[in-house]
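# Breakdown of the fold
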Amino acid sequence: MASPSPTSIRIWDLPTRLFHWTLAAVVCALLVTGMTAGDWMEWHMRLGEAALALLLFRLCWGLVGGRWSRFSSFLYSPAHLLRYLRGHKTPLDEVGHSPAGALSTFVLLLALLAQGILGLFSNDDIAFAGPLSHLLSDGLVDRLTGWHKLGKYVILALILLHLAAIVWYSLVRHRPLVSAMLTGNKSLPPSTPASQDGPARWLLALVIAAACAGLLWWIHGLGAPIPPAGGNGF
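Residues numbered from 1 in each chain as written. Predicted model: local features only at pLDDT ≥ 70, side-chain atom pairs only at ≥ 80, totals over all residues. Heavy atoms only, no water.

## Comments concerning the pairing of strand S2 (residues 185–188)
What counts is decided by this rule: The classification of residues rests on relative accessible area computed with a 1.4 Å probe and restricted to protein chains. Under 20% of the type maximum is buried, over 50% is exposed, and intermediate values are partly exposed. What counts as a helix is a DSSP run of H or I of at least four residues, what counts as a strand is a run of E of at least two, and both are numbered from the N terminus. Here, a strand pair is defined by DSSP locating no fewer than two bridges between the strands.
Side chains Lys186 and Leu188 project from S2 onto a buried face, and the interleaved Asn185 and Ser187 project onto a face without burial. By the bridge criterion, four bridges tie strand S1 (residues 7–10) to S2 in an arrangement that is antiparallel. Bridged to threonine 7 within S2 is leucine 188.

Following this line, the structure appears as structure tokens:
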């Protein structure tokens, strides 16, 4: 008996897709403003806070979002990851994030989250003062600022690795990862469970996003004004 023909299944809900592309744009802008520094550092701080709000949203959406956006759908055990890398795959491994893709996603999200938190406490004493930097001693702030500056190279390396993996999956494995994140759909067996996506889910995402943005706005208000002049960051 022939297998059912693949059909278009909603895998990535709209909030997940908007998060993905918005975060990509914000991180690119962060890299540019951090490298340019000077008068751009005020924007760098604002963009960093926006990135943190997005990441906080993703943490929440990973608990209540669509079927394949939830962390439970791509939280694989080390044994499962090893089996996947050895070529022993299950039908569901390629629906959302594969075990290898899940590991890459978690590492990148955690690195961005750590970088953003470091930025809140960073201060270069020239043009940049994170909104929470005044809460710590000068010595600890200097140390966190150094880690924050080093972190931009870690982030850049992870982004390049992420892009290389996308190219490899597209050209070698013929997996349309980019189009799936644009449309939300993948061509899969009809029995594949779909992610919930619709106005009710979008409203929930909007409420969560507004709460995350409000929290970062409140944190921003805790800081002192940024002194004028130039400096380095990210």
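## A short note on the environment of alanine 25
The residue alanine 25 is located in helix H1 (residues 14–36) in this model. You can call alanine 25 partly exposed: its relative accessible area is 48%. C-alpha separation for the pair alanine 25 and alanine 51, spaced 26 residues apart in sequence, amounts to 9.7 Å.

## Considerations on the environment of glutamate 49
Put simply, the rule reads: Residues are treated as being in contact if the distance between any of their heavy atoms lies within 4.5 Å.
Examined against the element boundaries, glutamate 49 turns out to sit in helix H2 (residues 41–64). The spatial distance from the C-alpha of glutamate 49 to the C-alpha of alanine 102 is 25 Å, given a sequence separation of 53 residues. Those residues in contact with glutamate 49 that lie beyond four places of it in its chain are Leu120, Pro131, Leu216 and His220.

## Some details on the pattern of salt bridges
Cut-off, in case you're wondering: A side-chain nitrogen of Lys or Arg and a carboxyl oxygen of Asp or Glu constitute a salt bridge if their distance falls within 4 Å.
Counted under the stated rule, the structure contains three salt bridges. Glutamate 42 serves as the salt-bridge partner of arginine 46, at 2.6 Å between the closest nitrogen and oxygen. With arginine 46 and glutamate 42 both in helix H2, this residue pair falls four residues apart, about one helical turn. One network of salt bridges, in which partners are shared, links Arg10, Arg17 and Asp197.

## Focus on the nonpolar core
The tendency in soluble globular proteins is for nonpolar side chains to be buried side by side. This is how it is decided: By convention a nonpolar core is built from buried Ala, Val, Leu, Ile, Met, Phe, Trp, Tyr and Cys residues, the set being connected through side-chain atoms within 4.5 Å.
Judged by nonpolar contacts, the single largest core of 20 residues is most densely connected at Phe19, Leu23, Val26, Val27, Leu55, Phe57 and Leu112. Elements represented by at least two residues in this core include exactly H1, H2, helix H4 (99–120) and helix H7 (199–220). Phenylalanine 57 has contacts with Pro15, Phe19, Ala205, Ile208, Ala209 and Cys212, leaving out every residue within four places of it along the chain. Residues Ala53, Leu120, Phe121 and Ile219 belong to the second largest nonpolar core, which totals nine residues.

## Structural notes on the packing of H1 against helix H5 (residues 138–171)
This is how the line gets drawn: Simply put, an axis is a line fit to the C-alpha atoms, just over the touching stretch for a helix, and the angle between two N-to-C directions goes from 0 to 180 degrees. Orientation is classified from the angle alone, with under 35 degrees giving roughly parallel, over 145 giving roughly antiparallel, 65 to 115 giving roughly perpendicular, and any other angle giving oblique. A clockwise turn of the near helix away from the far one marks a right-handed crossing, whereas an anticlockwise turn of less than a right angle marks a left-handed crossing. Classification used: nonpolar for Ala, Val, Leu, Ile, Met, Phe, Trp, Tyr, Cys and Pro, charged for Asp, Glu, Lys and Arg, polar for all others including Gly.
Running from amino to carboxyl end, H1 crosses H5 at an angle of 140 degrees, the nearest separation of the two axes being 12 Å. With respect to H5, the axis of H1 lies oblique. In this structure, the crossing between H1 and H5 has a hand that is left-handed. Contact residues: Val27, Leu31 and Met35 in H1; Lys152, Tyr153, Ile155, Leu156 and Ile159 in H5. When the residues that make up the contact of H1 with H5 are grouped by side-chain class, the tally is seven nonpolar, no polar and one charged.

## Some thoughts on the packing of aromatic side chains
Keep this limit in mind: Any two rings among Phe, Tyr and Trp, with Trp reduced to its six-membered ring, count as a pair given centres within 6.5 Å; such a pair is stacked if its planes are under 30 degrees apart, edge-to-face if over 60, and tilted if neither.
According to the stated counting rule, one finds four aromatic pairs in the structure shown. Ring geometry for phenylalanine 57 versus tryptophan 61: centroids 5.7 Å apart, planes at 15 degrees, classification stacked. Remark: tryptophan 61 and phenylalanine 57 occur in helix H2; sequence separation between them is four residues, near one turn of the helix. The pair phenylalanine 57 / tryptophan 61 is uniform in exposure class, with both members buried. Between phenylalanine 74 and phenylalanine 106 the ring centres are 5.1 Å apart and the planes differ by 25 degrees, which places this aromatic pair in the stacked class. Residue phenylalanine 74 is found in the loop between H2 and helix H3 (78–85), and its partner phenylalanine 106 is found in helix H4; the two are separated by 32 residues along the sequence. For phenylalanine 74, a relative accessible area of 1% corresponds to the buried category. Its relative accessible area of 22% is what places phenylalanine 106 among the partly exposed residues.

## Quick notes on the side chain of threonine 192
Take threonine 192: it is sitting in the loop between S2 and H7. Those residues in contact with threonine 192 that sit more than four places away from it in its chain are Ile9, Trp68 and Val95.

## Focus: a nonpolar patch on the surface
Our working definition: Like-charged residues within 9 Å of one another, or nonpolar side chains (Val, Leu, Ile, Met, Phe, Trp, Tyr) within 5 Å, are grouped into patches, provided each residue has over 30% relative accessible area and no salt bridge. Using a 1.4 Å probe, accessible areas were evaluated by the Shrake-Rupley method; residue-level cover was limited to the displayed protein chains.
Where nonpolar side chains cluster on the molecular surface, the patch consists of Val167, Trp168, Leu171 and Val172 and spans about 410 Å² of accessible area. Structurally, valine 167 can be placed in helix H5. Residue classification places valine 167 among the partly exposed positions, given a relative accessible area of 47%.

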